[in-house]
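# Coordinate analysis (summary)
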Amino acid sequence: MSELKIENLTVEVEGKVILRNVNLSVKQGEIHALMGPNGSGKTSLSLAIMGHQKYKIREGRILLDGEDITNLEPNEKVKRGLFLAFQNPVEIDSIKLSTLLVAEYNAFYGERTTPLEVLNYVKSSVKNVGLTESILNRGVFQGFSGGEKKRIEMAQMLLLKPKISILDEPDSGVDVDGLKIIADAINKLKVENNTGYIIITHYRRILDYVNPDLVHVLNKGTVVASGGKELARLIDEKGYEAVIKN
Ligand SMILES: Nc1ncnc2c1ncn2[C@@H]1O[C@H](COP(=O)(O)OP(=O)(O)OP(=O)(O)O)[C@@H](O)[C@H]1O
Ligand SMILES: [Mg+2]
């Protein structure tokens with residue numbers, strides 16, 4: 001059984017400490033929600049876990065299945081089964097979306113499959129999130145609407161079938177139907193692949209669909225509360241004030 005363990009993580013960016021002594025442990029098949037006010041460090045935590053070079057780990061470590069992966073390159077982490085869907089995916093006009101997805105698939109699975117089969121997997125992953133194949137012929141995220149970007153990130157996840165998936169606001173800018181599609185993708189992989197999740201969100205709505213085992217609240221770079229779904233309900237009704245004591 002896979003487990004992502006974040007132990008005592010302290011992270012610095014541009015000479016400033018933005019995360020302090022964060023502990024978090026996610027097993028396969030579990031869904032953890034990560035909430036917290038704007039600027040509390042949620043995105044920084046996800047980027048630090050994946051190994052973004054700007055986010056310097058000053059203390060603590062990251063373990064996947066007992067292996068210390070703290071200082072591995074991002075692509076090595078992906079190969080071991082970690083996945084991150086970005087809050088704001090970057091546009092790369094010069095690469096076709098289909099080329100990117102095929103390359104990612106091959107890098108992950110080591111070209112075990114024929115090119116035609118891979119292309120079919122890529123096409124079906126896109127259809128699975130309610131988009132048409134023609135979007136694959138466009139540049140990566142080029143001119144994609146906010147909701148389309150979020151859906152493509154889910155398609156990427158469905159293709160790679162990670163052990164542990166970190167989703168940074170998968171619900172932001174997504175319409176009601178899109179929210180259902182995204183929640184379905186999350187639940188599908190949980191059931192079929194036993195994927196474990198850290199889902200960063202500001203809203204209770206997505207959590208009504210995916211049913212988190214635990215909800216954590218980050219404030220000023222520190223986890224200040226952990227609890228069940230009722231924590232998300234409390235935040236929704238009363239604001240962060242209700243769970244963050246200064
Ligand atoms: N590359 C960077 N350079 C300078 N400051 C940064 C950088 N990345 C993050 N920060 C700062 O770290 C703090 C945490 O930012 P982060 O993006 O992690 O917040 P967040 O919890 O994801 O917020 P939101 O809910 O708005 O997405 C902020 O004050 C932000 O300005
Ligand atoms: Mg963020």
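## Notes on the sheet that holds strand S4 (residues 56-64)
Spatially, 4 strands are ordered S2-S1-S4-S5 in an open sheet, and the strand pairing comes out antiparallel. At either margin of the open sheet sits one strand with a lone partner, and together these are strand S2 (16-27) and strand S5 (67-68). Bridge analysis of S4 against S5 gives 2 bridges, and the strand direction is antiparallel. Bridge pairing links Leu 64 to Glu 67 in S5.

## What to know about the sheet that holds strand S11 (residues 214-219)
The 6 strands lie next to each other as S6-S9-S10-S3-S11-S12, forming an open sheet whose pairing is mixed. Lying at the two open borders of the sheet, with one neighbouring strand each, are strand S6 (82-85) and strand S12 (222-227). Within the sheet, the average angular offset between the axes of one strand and its neighbour, ignoring direction, is 20 degrees. Where strand S9 (residues 164-168) meets strand S10 (residues 196-200), 5 bridges bridge the pair, whose relative direction is parallel. Among the inter-strand pairings, Ile 164 is bridged to a residue of S10, identified as Gly 196. Helix-sheet contacts for helix H6 (residues 176-193) involve strand S3 (31-35), S9 and S10, and the interaxial angle to S10 is about 160 degrees.

## Things to note about the layout of surface pockets
Estimates place the volume of the largest pocket at around 750 Å³. Residue lining of the largest pocket: 29 residues in total, with Val 78, Leu 84, Phe 86, Glu 104 and Gln 156 positioned closest to the centre. Every element with two or more residues in the lining of the largest pocket is listed here: helix H1 (42-50), helix H2 (74-79), S6, helix H3 (97-109) and helix H5 (146-160). Counted as a void, the second largest pocket has a volume near 200 Å³. Lining the second largest pocket are Tyr 105, Tyr 109, Tyr 121, Ser 124, Ser 125, Asn 128, Leu 158, Leu 159, Lys 161, Lys 188, Leu 189 and Glu 192. Counting residues per element, the ones that place at least two in the lining of the second largest pocket are H3, helix H4 (115-128), H5 and H6. Per element, the largest residue contribution to the lining of the second largest pocket is 4 residues, and it comes from H4. Considering only residue class, the lining of the second largest pocket consists of 6 nonpolar, 3 polar and 3 charged.

## Structural notes on the packing of H3 against H5
Close contact between H3 and H5 brings their axes to 10 Å; oriented N to C, the two are set at 30 degrees. Considering their axes alone, H3 and H5 lie roughly parallel with respect to each other. Crossing handedness for the pair H3 and H5: right-handed. Packed against H3, whose contacting residues are Leu 97, Leu 100, Leu 101, Glu 104, Tyr 105, Phe 108 and Tyr 109, the element H5 presents Ile 152, Gln 156, Leu 159 and Leu 160 at the interface. Across the contact of H3 with H5, the residue classes break down as 9 nonpolar, 1 polar and 1 charged.

## Re H6
Here H6 spans 26 Å end to end across 18 residues, near enough to the 26 Å set by a 1.5 Å rise per residue. What H6 keeps buried is the set Gly 178, Leu 179, Ile 182, Ala 183, Ala 185, Ile 186 and Leu 189. Around the axis of H6, the buried residues are gathered within 150 degrees of arc, so they sit on the same side. Opposite the buried face of H6, at more than 90 degrees from it, the exposed residues are Val 176, Asp 177, Val 191 and Glu 192. Taking the backbone nitrogen of Asp 177 as reference, a side-chain oxygen 3.0 Å away marks Asp 175 as the first, capping residue of H6. Downstream of H6 by a residue or two, Asn 194 has a phi angle that is positive, lying close to 55 degrees.

Scoring rules and cut-offs
Residues numbered from 1 in each chain as written. Chains lettered and ligands numbered in written order. Predicted model: local features only at pLDDT ≥ 70, side-chain atom pairs only at ≥ 80, totals over all residues. Heavy atoms only, no water. Pairing = 2+ DSSP bridges. Helix = DSSP H or I, 4+ residues; strand = E, 2+ residues; numbered from the N terminus. Axes fitted to C-alpha atoms, helices over the stretch in contact; angles between N-to-C directions. Contact = heavy atoms within 4.5 Å. 1 Å grid on protein atoms, 1.4 Å probe; cavity = no way out; pocket = protein on both sides within 12 Å on 5 of 7 lines; lining within 4 Å. Points joined across faces, edges and corners; volume = space filled by probe spheres on them. Nonpolar A, V, L, I, M, F, W, Y, C, P; charged D, E, K, R; others polar. Parallel < 35°, antiparallel > 145°, perpendicular 65-115°, else oblique. Left-handed = near helix turned anticlockwise from the far one by under 90°. Expected span 1.5 Å × (residues − 1). Buried < 20%, exposed > 50% of the residue type's maximum accessible area, 1.4 Å probe, protein only. Arc of directions from axis to C-beta. Polar contact = N/O pair within 3.5 Å; in protein donor to acceptor, adjacent residues only side chain to side chain.

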